[in-house]
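# Geometric and topological summary
Spelled out, the chains give:
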Amino acid sequence: MSTLTGASKQITSFSPPARRLMGPGPSDIHPRVMAALSRPTIGHLDPEFVRMMDEVKELTQYAFQTQNRLSMVVSAPGTAGMETAFVNLVERGEKVIVCRNGVFGGRMLENVLRCGGVPVIVDDTWGKPVDPEKVQAAFSSHPDAKILAFVHAETSTGARSDAETLCQYTPEAKSAYPASRGCPPLRSARQPWKRSNPERPSCRAGSWISTW
Ligand SMILES: Cc1ncc(COP(=O)(O)O)c(C=O)c1O
């Protein structure tokens, strides 16, 4: 018979001290949000939950300035949002142009590989934005690429890439695929990016915002 170790240790509830968090994350939570966390739990099929979810989807569309009805919130760490996006967009054998100028560009590359995609890597120096001309060159060399993946705000270094330009510099693609940590606050809410080319209808669009 095995003996459990540590059984005599007294288990106590955890009371974290109050801290002022100044980093990019985790961050302080507004008291209004903390108060909301103490409200009653309801089921995910409850009509009230569905109503609230529809409202959140609508607000997400506003934040992204999109009419895409597949705008949804994944309640998980940003990494799960990234994985959700790749798993749903990349098909085995598909070419994906992946921009890597920091940790999270590298993570996108891993996602593409795990999905069985064929990455075309556009490398830039860490701390520098993604070079749009390199992206354009990658599309010229790989006109069969279906997706462009880049990190708008590369948290690992603080480099912000010019999402609007990157999207416009890919005239061959119907759309680009911005991976973002700070997308809406960093651009004008009233100027959606131009990204359309009816000749490439097979290109995919998707984006995510992780916590910021
Ligand atoms: C730009 C960026 N920063 C940070 C993260 C990490 O987020 P989390 O720690 O919430 O998984 C991600 C995840 O995808 C990201 O894309």
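Residues numbered from 1 in each chain as written. Predicted model: local features only at pLDDT ≥ 70, side-chain atom pairs only at ≥ 80, totals over all residues.

### So, the overall build of the chain
Of the regular secondary structure elements, the chain holds six helices and seven strands. Counting from the amino terminus, the chain carries its helices and strands in the arrangement α-α-α-β-α-β-α-β-β-β-α-β-β. Buried positions account for 29% of the 212 residues belonging to the chain. Within the chain, contacts between residues separated by at least 24 positions form 69% of all contacts whose residues are at least 6 apart in sequence. (Helix = DSSP H or I, 4+ residues; strand = E, 2+ residues; numbered from the N terminus. Buried ≥ 20, exposed ≤ 12 C-beta atoms within 10 Å, placed from the backbone. Contact = placed C-beta atoms within 7 Å.)

### Quick word on the confidence of the model for the chain
Residues with a pLDDT of 70 or more make up 75% of the chain, whose mean pLDDT is 79. Averaged pLDDT values for the elements of the chain fall to 50 in strand β6 (residues 177–180) and rise to 97 in strand β2 (residues 118–123). Within the model, the stretch residues 171–177 combines pLDDT values under 50 with 31 contacts to residues more than four positions away or in other chains. Low pLDDT (under 50) marks residues 182–204, which in the prediction has 44 contacts with non-local residues, meaning those over four places away or in another chain. (pLDDT = per-residue confidence, 0-100.)

### Digging into the nonpolar core
Counting 26 residues, the largest nonpolar core has V96, I97, V98, V135 and A149 as the members making the most contacts within it. At the level of elements, α3 (78–89), β1 (95–100), α4 (103–114), α5 (132–141), β3 (147–151) and α6 (163–168) are the ones that each hand at least two residues to this core. The leading source of residues in this core is β3, at five residues. Setting aside residues up to four positions removed in sequence, V98 forms contacts with G105, M108, L109, V112, P119, V120, I121, V122 and A149. (Core = buried A, V, L, I, M, F, W, Y, C linked by C-beta atoms within 7 Å.)

### Examining the packing of α3 against α4
For the pair α3 and α4, interaxial distance at closest approach is 9 Å and the crossing angle is 40 degrees. Overall, the two elements α3 and α4 adopt an arrangement that is oblique. α4 is crossed by α3, and the crossing has right-handed handedness. On α4, the residues touching M82, E83 and F86 of α3 are R107, M108, N111 and V112. Its residues assigned to classes, the contact of α3 with α4 comprises four nonpolar, one polar and two charged. (Axes fitted to C-alpha atoms, helices over the stretch in contact; angles between N-to-C directions. Parallel < 35°, antiparallel > 145°, perpendicular 65-115°, else oblique. Left-handed = near helix turned anticlockwise from the far one by under 90°. Nonpolar A, V, L, I, M, F, W, Y, C, P; charged D, E, K, R; others polar.)

### Topic: the pairing of β1
Across the six residues of β1, five count as buried, placing the element largely inside the fold. Relative to β2, β1 runs parallel, the two sharing six bridges. By the bridge assignment for β2, C99 is matched with V122. In the classification by handedness, the crossover that spans β1, the intervening α4 and the parallel β2 is right-handed. When β1 meets β3, the two strands line up parallel, connected through three bridges. Bridge pairing links V98 to A149 in β3. (Pairing = 2+ DSSP bridges. Right-handed = clockwise from strand over helix to strand, strands pointing away.)

### A few points about α4
Because an α-helix packs 3.6 residues into every turn, residues spaced three or four apart end up facing the same way. Its 12 residues place the ends of α4 17 Å apart at the C-alpha level, agreeing with the 16 Å of an ideal helix rising 1.5 Å per residue. Among all positions of α4, only F104, G105, R107, M108, N111 and V112 are buried. All buried residues of α4 project into a common sector of 155 degrees when viewed along the axis, lining one side. Immediately beyond the C-terminal end of α4, within one or two residues, lies G116, with a positive phi of roughly 80 degrees. (Expected span 1.5 Å × (residues − 1). Arc of directions from axis to C-beta.)

### Brief notes about helix α2 (residues 47–64)
A rise of 1.5 Å per residue sets the reference length of α2, with its 18 residues, at 26 Å; its end C-alpha atoms lie 26 Å apart and thus fit the reference within 8%. Counted residue by residue, α2 has zero buried out of 18 residues, so it is predominantly exposed. The positive-phi residue at the C-terminal boundary of α2 is Q65, with phi of around 55 degrees.

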